[in-house]
Each structure stands twice: as C-alpha cells, then as structure tokens.
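# Analysis of the macromolecular model
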Amino acid sequence: MFNLYDNCILTYSLPNHKDIKEKILNSLSKGYELEDKSQSISNTDYQKDLLDSKQDTWEKDNMETAHNREYFKILYDSLQKHFHPLLSDHFQVAEYTLTNFWYQQYKMNNRHDWHYHGGTNLIAVYNLELPDAKFKTQFYDMFRKKDIEYIANEGDIVFTYAAMLHRSPPLISNERKTVISMNYNLIQVKNDMRLK
Ligand SMILES: [Fe+2]
C-alpha cells in the first residue's frame, strides 16, 4: 500500500525492486552529461534538444521511441503488475496515460535545482539507486513555506501532484544515485466513483 506524508507525498515500495535493479542498470539506453545553470547530471537520456521545440511535440516524439528503450520495458512490466493497479484504485481513475519518462544518474556534486514538470498532473520518481536516503528528492510546500519531511529509500516510488516544487539536492557522496522520473496524466474518473 501507499504511505502518505503531509497529505501530498505518497510512497510505494516496488516489491520486486531487488530482482530488476541490476537488469535495469545494465540496459540503460545511451545517455549524455547534462550541464547547465540549473543542473549537473552525469548521465541522462532526458531529451533536452527536443524540449527546445514545442512541449507537446517533445512529449509525443519522446514517447514514440520510449517503449523501444530496454530499461523501461523492464520497469514498465513491474509497474503494470504492481504499481499501476494501486494507482488507478487510489485515484479512482478510469483513464490515465504515462506521458514521459527518463533516467538521471548523479555522481559527486551533481544536482538538479528546484523545478516543476510541465504537461502532467502527477509526477513520480523511482529510486533505482539510492545508497544514502538523505540525498533523495526534496519537495517544498509553497503554502506552509517549508520542506516536506518524508521517508523513502531505494526501491521506492515517490509520487505527488505535478504542482509540487522539487529538486535533487547536491550529492555529496562517492556512491552514485540513479532515478527514473515519470510523468503521468490522470484523465478520467471512474463512472461509479462515489465520494465518501
Ligand atoms: Fe523533477
């Protein structure tokens, strides 16, 4: 089941994380080093060039090649089996889409500053490699003006609404961190949804 923090951050431990971790790491698609004023990431397949074009086009172009990426096939099978049924049930959705995903690998001093994700209403991050949980994704509560405290470890999927400001803090460690980010759109509520 899901754990809930501050009424907005949800976490879920993927039950077969240990079985798929090495398979995913060994099949990551070719990435590149992403370095600009807001981030320093040693390896990612985030399609920055396409992001310079229209957002809608980028999402579409990205997803056209998405399911050819071996690493994501492995994860997607697990998501379909374990996570997505719970997600659908929790939010009572009849229809949703996974609109985008990418991986990011952080080494010593790497970081990704505060940001939002556009074109989505639910964001999720799978902690594929997280040797030290203090370097997990940080979320900021704009209403109470404070960081949100929550517990997450390697193998956990952390998810929340897309209007949640977040960052990957500077990694001060020689142990690599790897995440897979996912953008979802929850589109349609179930017809028989009943508010209690
Ligand atoms: Fe992000």
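Residues numbered from 1 in each chain as written. Predicted model: local features only at pLDDT ≥ 70, side-chain atom pairs only at ≥ 80, totals over all residues.

Moving on: the overall build of the chain. Counting secondary structure elements, the chain contains four helices and 12 strands. When each of the 196 residues of the chain is scored for burial, the buried share is 29%. In the chain, the proportion of contacts linking residues at least 24 apart, taken out of those at least 6 apart, comes to 83%. (Helix = DSSP H or I, 4+ residues; strand = E, 2+ residues; numbered from the N terminus. Buried ≥ 20, exposed ≤ 12 C-beta atoms within 10 Å, placed from the backbone. Contact = placed C-beta atoms within 7 Å.)

Moving on: the confidence of the model for the chain. Of all residues in the chain, 88% have pLDDT values of 70 or greater, and the mean over the chain is 90. Of the regions scoring below 50 in pLDDT, residues 50-55 engages in seven contacts with residues more than four places distant in sequence or in other chains. (pLDDT = per-residue confidence, 0-100.)

Bringing unusual backbone geometry into the picture now. It is generally the case that most residues other than glycine have a negative phi and that most peptide bonds are trans. If you check the backbone angles, Q92 has positive phi at about 55 degrees while not being a glycine. Here Q92 shows up in the loop between α4 (70-91) and β5 (93-106). For Q92, a count of 15 C-beta atoms within 10 Å puts it in the partly exposed group. With a phi angle near 75 degrees, N109 is a residue other than glycine that sits in the positive phi range. Among the structural elements, N109 can be located in the loop between β5 and β6 (111-115).

So, about the packing of helix α1 (residues 17-26) against α4. Contact geometry of α1 with α4 gives a least axis separation of 8 Å together with a crossing angle of 160 degrees. Of the possible angle classes, the one that applies to α1 and α4 is roughly antiparallel. Read as a crossing pair, α1 and α4 show a hand that is left-handed. In contact with I20, K23 and I24 of α1, α4 contributes Y71, I74, L75 and S78. A breakdown of the residues in the contact of α1 with α4 according to their chemical character gives five nonpolar, one polar and one charged. (Axes fitted to C-alpha atoms, helices over the stretch in contact; angles between N-to-C directions. Parallel < 35°, antiparallel > 145°, perpendicular 65-115°, else oblique. Left-handed = near helix turned anticlockwise from the far one by under 90°. Nonpolar A, V, L, I, M, F, W, Y, C, P; charged D, E, K, R; others polar.)

This part is about the nonpolar core. The biggest cluster of nonpolar side chains holds 30 residues, and the ones touching the most others in it are A124, Y126, I157, V158, F159 and I180. Going through the elements one at a time, β2 (9-13), α4, β5, β7 (122-129), β10 (156-161) and β12 (177-189) are the ones with two or more residues in this core. Take this core: its biggest share by element is six residues, from β7. (Core = buried A, V, L, I, M, F, W, Y, C linked by C-beta atoms within 7 Å.)

In this fold, M182 is placed in strand β12. Remark: the alpha-carbon pair of M182 and T120, spanning 62 residues in sequence, is separated by 9.5 Å.

Sheet topology note: the strand β4 (residues 39-44)/β5 ladder contains two bridges and is antiparallel. Across the sheet, the residue bridging to T44 is Q104, located in β5. Pairing between β5 and β12: 12 bridges, direction antiparallel. By the bridge assignment, N100 is partnered in β12 with N183. (Pairing = 2+ DSSP bridges.)

Further remarks concern the environment of N183. With respect to the secondary-structure elements, N183 resides in strand β12. Overall, N183 belongs to the buried group, with 21 C-beta atoms counted inside 10 Å. Sequence spacing of N183 and F101 is 82 residues, and the spatial spacing of their C-alpha atoms is 6.2 Å. The residues contacting N183, other than those within four sequence positions of it, are T99, N100, H117, G119, T120 and I123.

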